[in-house]
Structures are given as C-alpha cells and as structure tokens.
Amino acid sequence: MSFLKIETLRSRSLRTDSTLLLEGVLVGLLAGGAGVIYRLLISWCEDSVSYLAQLAALDWSRLPLILIAFCIGAIALGAIVRHEPYAGGSGIPQVTAEITGRIQTSPLSVLLHKYLGGTIAALCGLSLGREGPSIQLGAMCGKLVARGLKHNYIRAQNLMSCGAAAGLSVAFNAPVSGVLFSLEEIHKTITKRLIISCFAAALTADVVSQYVFGLAPIFHFPEIGKMPVSMYPWVVLLGIVSGCMGAVYFWGLRGCYYVYGKLNLYILLRPLPAILCSFVLMLFFPIVLGGGHPILGQLLNAPHALWWLLLLLVVKTAFSLISFASGVPGGIFLPILIQGAILGCLFGQIVAPEYVVLFIVLAMAGYLTAVVRSPLTSLLLLFEMTQRISYFLPLAICCLLAYYTANALGTPPIYEYLLQNILRKEKPRPDFDTTMMQVTAVVSDHSPLAGTALRDIALPPHALVIAIDRQGVAVVPRGETEIQAHDQLVFVLPRNQIGALEALLDETTEYEQP
C-alpha cells in the first residue's frame, strides 16, 4: 500500500485560509451586485411614492385608483409571503436561524420573492428599510456560491456570513460595520479565518457599491464639532432616554403582533391594515412614508417646533411598527435610525440647540443600540455613515448607557425576539436536525474547562472531540488529555445538539462553526 498524499496540518490550514479569502471576494461581488440592484429598486420606488403623493394632493380624483392599486399590492404581498415565508420580514433572523442549523431555505426562491416583495412594499409606501433584506440577499448569494463550489454545510455557513457582511456593506457603504454585525449579531463568533473572509466580501461589495453610487456617505451631515465635557451629563441622559425608547419600541412591536394575531386575517389580507395606513398617511402626513431619508434632511436643514417633532416621532414609530408587523418583506434598520434622529433632534432643541446635529448622531446610535443590542456595530456604523471621528467618547457613552438601560428594562434584543417567533412556527424535522455538524471552540483564559481532563467534561450525548489544536500543534484527544487555555477543540455532533453545546460553551469559550 502507498500513500496518495502527505501534507502537514499547518500547510493545509494556510491553503484553506487563502481559499476562504478568495471565496469571500467572489461572494462580495455577487452580494454587492444583488445589493446594488435592490438599493436602486427601493430608491426608485420611494421617489415614485413621493411623486404619487404630490399628484394625490393636487387632484383627489385619482384617489380611488391609488387605493385600488394599493389593495392589489397588499394581496400580492400576502401571496408572496404565503408562497415563500422565509422572504417575509427583514431576513436577518432567517439568516441567523439557517447559519445555526435550525432552518433550511431555497436561495433562488428567497432571492426572487425578496426582490419582488420588497419592491411592492416600497411602492405601497410602507415604512421599511432595505438593510435587512440586503443582508439576506447577500447571505443567499453566499449559499449559491457554496452550492456552485460543492461545499459542505460548514463551509456554506461561512460563505453565508460573508454574504451577510457584504449585504450591510453595500446598503450603508459601511464594510467594517458589515463585518462586525455579521460576527456580532448573525454568526455570533469572532475568529481570524471568519474575519478575513467576511472582510474580503464586505470590501468587495463596498467597491461595487461605490462604483455605482459614488464615494459620498449615505447621510450628509454638516460639520460636527467637538462636544465640551460640560455637556456630557446631557449625553448620559440621552443614552438613558434612548434605552427607554428602545424598550418602548419592543413593547410596541410585540403589541402590533398581538393585534395582528387577534385580527386573524387570512394571509393574503394580512398586509392590508398597513397598506390602508399608508394610503391615509399619503394624504395627510406623507413625510413618514418609506424608509425616511427625507426626514433626516428636514431635521438638519431647519429648526422645527417641538410639538411637530413629537408628532413626527410618534407617527413614524407607529407606522414603522405596523408596517413591519404585517410580515411583508422589508427591514427595520433605516426606520430605527430615522426615529433615533427625530428623538435626538427633539432632545437637542430642548437642552442645547447649538449641538442639535451632534445629538441627532448620538441618538441614532443609541436608539439602534437599544433596539438591536449591538453597541459596537451601532458605534462603527455611525462613524462610517457620517465619516466623522471627532465625537467618539460621547457616542460610546450614549451607546453603552442605551444598552444598559434597555437590558435593565428587561426587553430582549429585537432580532432574538424575531428569531424565536420564526422558530415557534417551524415543524420538527428529524432528518434535518440529526445531520452531523463540526464545531470549533477556542478555550478562553478564564474558562473553567482549562485544566480539566477531557473525560470530565459533560458533553452532549452524541458529541465527540475529534481534534485539539494547541498553538499550532495537533494533539490527539484522549480521555486523560488536559484542556489548556487557547486550545482549539473540534467537535462533531448532531445538529439538534448544537444548542446544548452552546449552553456548555456560552460562558466559557469562544465558539465557531467553521
């Protein structure tokens, strides 16, 4: 007998790293193109709705036709969600569920229905964002690349995370935030290999986006000066207020889901209440239609009466909640940022009008942190969108206090809540859940596993440790092998036991599904 191939584990690992980087670039190209197309479609739809609102204001005789068109759009949206349920909502919880092995989607079907549903929802004026759908579109592009390269499920997970990072990058021209959000909110792990491949995808997607849309930031802010230390108590208060408003947002969304449940509408008619709200607002308060870019422009260009800002905040928040709870394709990222901007403008005009622009930026980050519970992503996102770095300390203070306040009020992160809603609707799939998975875990310095013999670790029933990487040296796992800090443990286990392994590793290690 002769050996077919002999190679060191180190050389194989280096080659794998290089391959993942190139695959990240390929995913970035596809996800960037998909995100650019979606962004162009949504922008055109929002411009069309604005023009339609102007026509309706000039001639009310067109209203019956507009109403009929909106009702047809509502039925079409219901049909889209019925045919492809995973295309509904923002798409971020669906991506998280698939990466963690709890659902399985058809990427081409999701892509088609997301494009169609997002376009119709935007044409109907619903207050939804493009960022969540862009993340899902990018993840589906990553899954298609994995299929084309005939990768196993583990490699497909990595490429889906790359696509998610690229999706947020192209939506906001924010590659670093895209990488961090993908790791912090979707994959929920940080490893060098995953960072490099996600960063390659996000940068590539950003290049594609800048080629089409140019180098200008998403939001155009005037020059933002430094805030004196004497204003920091107001920053602390704004962080607390943002946290409270984030909790209110969660309670409002839960209430909307409850009302929709009580209405118990047939799925084809479920979007109808949101569509009718959009029609009424088109007549009397059209500024709240769509994602909300025009609102930010108005806030920055001139001062407004406090009662108008308060009314705008209430109506925009309520309409965004009603739109999203309808279940149609569309995200909440941009509406949340715009609601934060309104809150910051209101707060700034009360306490310090000369710093109102800075309070707008702080509240956008703080409010996003309170709702999503991803403070680092919120911090970096505002940096990349405004292209200003002179207000790091107040921004960090506001985000941390908003994070603490929302947690203290007992509200969960919004995407975790949405994920649980999705999983409750899932039927058990034994043939899918028992698929064998490989999971890599890095033992941290403070882990109780450090110094423990492998035989003494209470693993899930069918989990095995198949390899240990100790500072680049391969260690054969045996019962008496003592685990050390910074060891990489490679597990094999059924997919339906990943949750049990996460519970074991959650507070003790940094884990990865490579």
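Residues numbered from 1 in each chain as written. Predicted model: local features only at pLDDT ≥ 70, side-chain atom pairs only at ≥ 80, totals over all residues. Heavy atoms only, no water.

**Thoughts on the overall build of the protein chain**
Consideration 1: On a plain count of helices and strands, the protein chain comes out with 19 helices and five strands.
Consideration 2: When its C-alpha atoms are laid out on the principal axes, the protein chain stretches across 85 × 55 × 45 Å.
Consideration 3: When each of the 514 residues of the protein chain is scored for burial, the buried share is 55%.
Consideration 4: Partitioning the intrachain contacts of the protein chain with sequence separation of at least 6 by distance along the chain shows that 81% fall at a separation of at least 24.
Consideration 5: Element-wise, carbon and sulfur atoms account for 66% of the exposed surface of the protein chain, whose accessible area totals about 21,900 Å².
Consideration 6: Averaging the locations of the 32 positively and 30 negatively charged side chains of the protein chain gives two centres separated by 6 Å. (Helix = DSSP H or I, 4+ residues; strand = E, 2+ residues; numbered from the N terminus. Buried < 20%, exposed > 50% of the residue type's maximum accessible area, 1.4 Å probe, protein only. Contact = heavy atoms within 4.5 Å. Areas by Shrake-Rupley, 256 points an atom, 1.4 Å probe, with all protein chains shown as cover. Lys, Arg positive; Asp, Glu negative; His and termini not counted. Charge placed at Lys NZ, Arg CZ, Asp CG, Glu CD.)

**A word on helix α12 (residues 306-325)**
Consideration 1: For α12, built from 20 residues, the straight-helix expectation of 28 Å at 1.5 Å per residue is met to within 8% by its first-to-last C-alpha distance of 29 Å.
Consideration 2: Of the residues trailing α12, G327 is marked for its positive phi of about 85°. (Expected span 1.5 Å × (residues − 1).)

**Re the nonpolar core**
In summary, soluble globular proteins display a tendency toward joint burial of nonpolar side chains.
Consideration 1: Membership of the largest hydrophobic core comes to 138 residues, with the highest contact counts inside it found for F221 and I414.
Consideration 2: The element contributing the most residues to this core is helix α14 (residues 356-372), with 14 residues. (Core = buried A, V, L, I, M, F, W, Y, C linked by side-chain atoms within 4.5 Å.)

**Digging into the domain arrangement of the protein chain**
Consideration 1: Looking at the protein chain, the domain boundaries give domain 1 (11-213), domain 2 (229-424) and domain 3 (436-506).
Consideration 2: Each of domain 2 and domain 3 has a C-alpha centre, and these two points are 41 Å apart. (Domains from an automatic or database assignment.)

**Observations concerning the packing of α14 against helix α15 (residues 375-386)**
Consideration 1: One way to put it is that α14 packs onto α15 with a least axis distance of 8 Å and a crossing angle of 150°. Between α14 and α15, the crossing angle belongs to the class labelled roughly antiparallel. The chirality of how α14 crosses α15 is right-handed. Of the residues in α15, those touching α14 at V361, M364, A365, L368 and T369 are P375, S378, L381, L382 and T386. (Axes fitted to C-alpha atoms, helices over the stretch in contact; angles between N-to-C directions. Parallel < 35°, antiparallel > 145°, perpendicular 65-115°, else oblique. Left-handed = near helix turned anticlockwise from the far one by under 90°.)

**Remarks on the environment of L29**
Consideration 1: Structurally, the position occupied by L29 is in helix α1 (residues 9-58).
Consideration 2: The class of L29 is partly exposed, set by a relative accessible area of 47%.
Consideration 3: The contacts of L29, once residues within four sequence positions are left out, are T204 and V208.

**Brief notes about the confidence of the model for the protein chain**
Consideration 1: The predicted model of the protein chain has a mean per-residue pLDDT of 86, with 92% of residues at 70 or higher.
Consideration 2: Every residue in residues 1-7 scores below 50 in pLDDT, and together they form three contacts with partners more than four places removed in sequence or on other chains.
Consideration 3: The low-confidence segment residues 507-514, where pLDDT is below 50, has 40 contacts with residues more than four positions distant or belonging to other chains. (pLDDT = per-residue confidence, 0-100.)

**Some details on the pattern of salt bridges**
Consideration 1: Within this structure, the stated rule accounts for five salt bridges.
Consideration 2: Here E131 makes a salt bridge to R130, at a shortest N to O gap of 4.0 Å.
Consideration 3: Between R455 and E480 there is a salt bridge, with the nearest N and O atoms lying 3.8 Å from each other. Of this pair, R455 sits in the loop between β1 (436-443) and β2 (464-470) while E480 sits in the loop between β3 (473-475) and β4 (488-494), placing them 25 residues apart in sequence.
Consideration 4: Assessed through its relative accessible area of 56%, R455 is described here as exposed. (Salt bridge = Lys/Arg side-chain N within 4 Å of Asp/Glu carboxyl O.)

**Some thoughts on the packing of aromatic side chains**
Consideration 1: All told, the structure shown has 12 aromatic pairs when counted by the stated rule.
Consideration 2: Aromatic pair F172 and F333: ring centres 6.0 Å apart, planes at 50°, arrangement tilted. Of this pair, F172 sits in helix α6 (residues 153-172) while F333 sits in helix α13 (residues 333-351), and the two are 161 residues apart along the sequence. We note that F172, like F333, is buried.
Consideration 3: Among the aromatic residues, those joined into a cluster by ring pairs are F172, F181, F333 and Y415. (Phe/Tyr/Trp six-rings, centres within 6.5 Å; stacked < 30°, edge-to-face > 60°.)

**Thoughts on the side chain of S320**
Consideration 1: Along the chain, the position of S320 falls in helix α12.
Consideration 2: Accessibility expressed as a relative area gives 2% for S320, which makes it buried.
Consideration 3: Within polar-contact distance, the side chain of S320 engages the side chain of S127 at 2.7 Å.
Consideration 4: Ignoring any residue separated from it by four or fewer positions in sequence, one finds S320 in contact with S127, P335 and Q339. (Polar contact = N/O pair within 3.5 Å; in protein donor to acceptor, adjacent residues only side chain to side chain.)

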